[in-house]
Amino acid sequence: MHPTLAMPGHVAIVMDGNGRWATRRLMPRIAGHRQGVETLRKAVRWSLDRGIGVLTVFAFSSENWNRPAEEVKGLMALLMHAIPRELPGFIEQGVALRFVGDRAGLAPEIQSLFSSAEAQTAAGRRITLNVCFNYGGRWDIVQAARTLAERGETITEAALAASLSLAHVPDPDLVIRTGGEQRVSNFLLWQAAYAEWFFSDKAWPSFTADDFDLAISAFQGRERRFGLTSQQVREQAHAAGPVLEGLDDRCQA
Ligand code: IPE
Ligand code: IPE
Ligand code: MG
């Protein structure tokens, strides 16, 4: 990580590899998920320390319901246990918690826990932590389209984006996937249109601050072109002034 280069404002993470981490250690898969919560607590700290304003994590997908009932039950229990335990620390650190996904499909006690945790952390100003739970990118696009249809609104990119479940934050700049798989798995299908991706072979429970910085360094070393040519991007950077010019000099070096 280069401290003087621009940090990603919004980092999203597919926290994958918990089950294999546990299996390799001859432990039940749920032990991997439990350890994954520990890494998530640290990741909030790493993000705060680096001035990252938004952290979005994939915790449970629309498709994860198809796992063995015991694992699903264990994940729900872990959630019910972990949120109240982490709340005081989050409040103290200025974390605003947001739960993103299809809440109607969750048990009433989980729905109330989500609402209460959001209300208790609503004053958090240092970082927004979006926890995607019972979330799928396809679900999100469909619910947004349905909202517009119900209101009789014209479907434009801006109107659809404003109805998506992450409309309260800018699109992610960097998406990290741990666990060795290189696929999207129905995460942020719309929002990651121009995100930089970083894949790590490390399982989420063993992901460290150094691994996080490696992802940020990779991000900082890339040129985001948004469909333009490299020359256009450099011209824009010069026009934007000295901060971006520094980045431009480095790119030419
Ligand atoms: C990610 O870890 C967490 C969830 C999907 C809930 P996995 O449980 O998918 O771990 P692996 O991929 O089986 O190792
Ligand atoms: C993606 O991981 C979902 C989460 C990390 C919550 P999966 O483990 O469910 O993804 P696949 O099944 O390997 O694509
Ligand atoms: Mg997995």
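Note: the structure precedes this text.
The structure displayed is predicted, hence computed values, not measured ones.

(A) Quick peek at the overall build of the protein. Helices and strands together make up the secondary structure of the protein, namely nine helices and six strands. Taking 18 Å as the expected radius of gyration for a compact globule of 253 residues, we find that the protein reaches 19 Å, a close match to that expectation. Taking the principal axes of the C-alpha coordinates as reference, the protein spans close to 55 × 50 × 35 Å. Going through the 253 residues of the protein one by one, you find that 47% of them count as buried. Nonlocal contacts in the protein, meaning residues at least 24 apart in sequence, comprise 72% of its contacts between residues at least 6 apart. On the protein, roughly 12800 Å² of surface is accessible, and the fraction owed to carbon and sulfur atoms is 55%. Averaging the coordinates of the 27 positive side-chain charges in the protein and doing the same for the 28 negative ones gives two points 6 Å apart.

(B) Expanded view of the site of ligand 2. Near ligand 2, the surroundings consist of Val 14, Met 15, Asp 16, Phe 58, Ala 59, Phe 60, Asn 64, Arg 67, Arg 177, Arg 183 and Ser 185. Burial of ligand 2 by the protein chains amounts to 78% of its free accessible area of 390 Å². No other element matches the three residues that strand S2 (residues 54-61) contributes to the shell around ligand 2. Class assignment for the residues of the shell around ligand 2 results in five nonpolar, two polar and four charged.

The rules behind the values
- Residues numbered from 1 in each chain as written.
- Chains lettered and ligands numbered in written order.
- Predicted model: local features only at pLDDT ≥ 70, side-chain atom pairs only at ≥ 80, totals over all residues.
- Heavy atoms only, no water.
- Helix = DSSP H or I, 4+ residues; strand = E, 2+ residues; numbered from the N terminus.
- Rg over C-alpha atoms; globule rule 2.2 N^0.38 Å.
- Buried < 20%, exposed > 50% of the residue type's maximum accessible area, 1.4 Å probe, protein only.
- Contact = heavy atoms within 4.5 Å.
- Areas by Shrake-Rupley, 256 points an atom, 1.4 Å probe, with all protein chains shown as cover.
- Lys, Arg positive; Asp, Glu negative; His and termini not counted.
- Charge placed at Lys NZ, Arg CZ, Asp CG, Glu CD.
- Near = heavy atom within 4 Å.
- Nonpolar A, V, L, I, M, F, W, Y, C, P; charged D, E, K, R; others polar.

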